[in-house]
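Summary of structural features
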Amino acid sequence: QVQLVESGGGLVQAGGSLRLSCAASGRTFSSYAMGWYRRTPGKEREFAAAISGDGSSTYYADSVKGRFTISRDNAKNTVYLQMSDLKPEDTAVYYCAADPSWGRVHVGRIDLEVWGQGTLVTVSS
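First, a word on scope: everything that follows refers to the structure included in this document. Note that the structure is predicted; figures quoted are calculated from it, not measured. (Residues numbered from 1 in each chain as written. Predicted model: local features only at pLDDT ≥ 70, side-chain atom pairs only at ≥ 80, totals over all residues. Heavy atoms only, no water.)

Glancing now at the pattern of salt bridges. Scanning the model with the defined rule gives seven salt bridges in all. Of the charged contacts in the structure, one is a salt bridge between Arg38 and Asp90, with a shortest N-O distance of 2.8 Å. Of this pair, Arg38 sits in strand E4 (residues 33-39) while Asp90 is found in the loop between strand E8 (78-83) and strand E9 (92-99), placing the two residues 52 residues apart along the sequence. The pair Arg38 / Asp90 is uniform in exposure class, with both members buried. (Salt bridge = Lys/Arg side-chain N within 4 Å of Asp/Glu carboxyl O. Helix = DSSP H or I, 4+ residues; strand = E, 2+ residues; numbered from the N terminus. Buried < 20%, exposed > 50% of the residue type's maximum accessible area, 1.4 Å probe, protein only.)

Right under this line is the structure:
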């Protein structure tokens, strides 16, 4: 099983950009589909983006489509979330998640196998 550690969160002005990283331990990273989720206070965890194990397929929530890009480097055991044109409503704790099933990740299931601890993104207006 992999373990996940997110980084790259911080404070950014509206309209700005930020790149999140999620580093995975373990030798089977490429066998996991990966997802980025976010949670704001008082709300459920919300799906943002997903990428298949080989990186050939991606999927986005409507709220981030066209502004966020998910990618992965299996040689570095890392998945990224490039966020552009950030809005105050993007403020949240962002989590990466891993699961062997692309089918489970890209539909935004929250009962995935492995979760990171989260990284806070704050977008000021």
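This part covers the side chain of Asp99. You can see Asp99 is positioned in strand E9. By relative accessible area, Asp99 is classed as buried at 4%. At 3.3 Å, the side chain of Asp99 forms a polar contact with the side chain of Arg104. The residues contacting Asp99, other than those within four sequence positions of it, are Tyr32, Ala33, Arg104, Val105, Asp111, Leu112 and Glu113. (Polar contact = N/O pair within 3.5 Å; in protein donor to acceptor, adjacent residues only side chain to side chain. Contact = heavy atoms within 4.5 Å.)

Our focus in this paragraph is the packing of aromatic side chains. Under the criterion given, the structure shown has three aromatic pairs. Taking the centre distance of 5.6 Å and the plane angle of 75° together, the rings of Tyr37 and Phe47 count as edge-to-face. On the criterion of sequence distance, the pair formed by Tyr37 in strand E4 and Phe47 in strand E5 (residues 46-51) is long-range, its members being 10 residues apart. Phe47 carries the same exposure label as Tyr37, and that label is buried. Geometrically, the ring pair formed by Tyr37 and Trp115 is edge-to-face, given 4.9 Å between the ring centres and 65° between the ring planes. One end of the pair, Tyr37, is in strand E4; the other, Trp115, is in strand E10 (residues 114-115), with 78 residues separating them in the sequence. In this structure Trp115 comes out as partly exposed when scored by relative accessible area, which is 23%. In textbook terms, an aromatic cluster arises when at least three aromatic residues are bridged by ring pairs, as seen for Tyr37, Phe47, Tyr59 and Trp115. Residue placement shows Arg45 over the ring face of Tyr95; its charged tip is 4.1 Å from the ring centre. (Phe/Tyr/Trp six-rings, centres within 6.5 Å; stacked < 30°, edge-to-face > 60°. Lys NZ or Arg CZ within 6 Å of the ring centre and 35° of its normal.)

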